[in-house]
Amino acid sequence: MTTLAIIGGTGLGQLAALNITHRETVSTPYGNPSADFLIGEIHQKQVVFLARHGNPHTIPPHKINYRANVWALKHLGVQDIIAVAAVGGITAEMQPAHIAIPDQIIDYTYGREHTFFDGNDGNVTHIDFSYPYCQKLRAALIHCAATLNLKISPIGTYGSTQGPRLESAAEITRMERDGCDLVGMTGMPEAALAKEIGINYASVAVIANWGAGKTAGEITMAEIEENLHHGMANAGALLQSFISTY
Ligand code: HPA
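A. The arrangement of the pattern of salt bridges in detail. Under the definition given, this model contains five salt bridges. One salt bridge connects E190 with R52, and the closest N-O pair in it is separated by 2.8 Å. Residue E190 is located in helix α4 (residues 187–197), and its partner R52 is located in the loop between β4 (45–51) and α1 (66–75); the two are separated by 138 residues in the primary sequence. With respect to class, E190 is no different from R52; both count as buried. Residues E176 and K214 are paired through a salt bridge, measuring 2.6 Å at the closest nitrogen-oxygen approach. Here E176 is found in helix α3 (residues 169–178), whereas its partner K214 is found in the loop between β11 (200–210) and α5 (221–244), with 38 residues between them in sequence. You can call K214 partly exposed: its relative accessible area is 34%. Salt bridges sharing partners connect three or more residues here, namely R67, E113 and D118.

So, how was this worked out
Residues numbered from 1 in each chain as written. Predicted model: local features only at pLDDT ≥ 70, side-chain atom pairs only at ≥ 80, totals over all residues. Heavy atoms only, no water. Salt bridge = Lys/Arg side-chain N within 4 Å of Asp/Glu carboxyl O. Helix = DSSP H or I, 4+ residues; strand = E, 2+ residues; numbered from the N terminus. Buried < 20%, exposed > 50% of the residue type's maximum accessible area, 1.4 Å probe, protein only.

Read these as geometric descriptors, not functional statements.
As structure tokens, this is what we get:
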């Protein structure tokens, strides 16, 4: 059974090292996932890959069917998710092309289908979310980065915004005051849904740009693509190392 899934975000629409053996189309009670699930092997380990924004990349962050994606992964037998995400950097260490393994989340999203426990079955369920990310998976990723001599940030608070627009400078200032180190658009409700359904979840956050107002001028897509190009190459190496020891 395949127990490890990689969810790829912007800049990681496919896993080059994955020897694909088959694809699965999964229909769920919540509708369709973002794409077919690609199942294959890396270093003789079975891995499921899902392109979060679809294949091709057409689904914006606020329209992703997070519930269908996470439900389908559970249905496929997945126990551990490594979610790769492009983010903006807020605090000093989080410079473009750098990688962080976040340990906390603040949710600024709204209007998303964000729970499996919507009360429709007459039950009221509150899950614990004190530590949104799996400490064991995080420790393994941090260890792999060290063995690769890859300098990463081993902690960080991820602020999840609604998008698809980037933030105003004042919003980034507020997020920094709140304690956010990173800003992205897909961390929630993905992390919470994984917790609700009982899948361990950790994230590899690749910094694509400085958050709004942190540099003079506008944030450009060209800058984001250039930084992701470098950062995702390191993220790919980190994932391969992680998978080889999985
Ligand atoms: N803000 C939100 N999400 C992002 C950013 C950003 O600056 N960069 C990449 N994803």
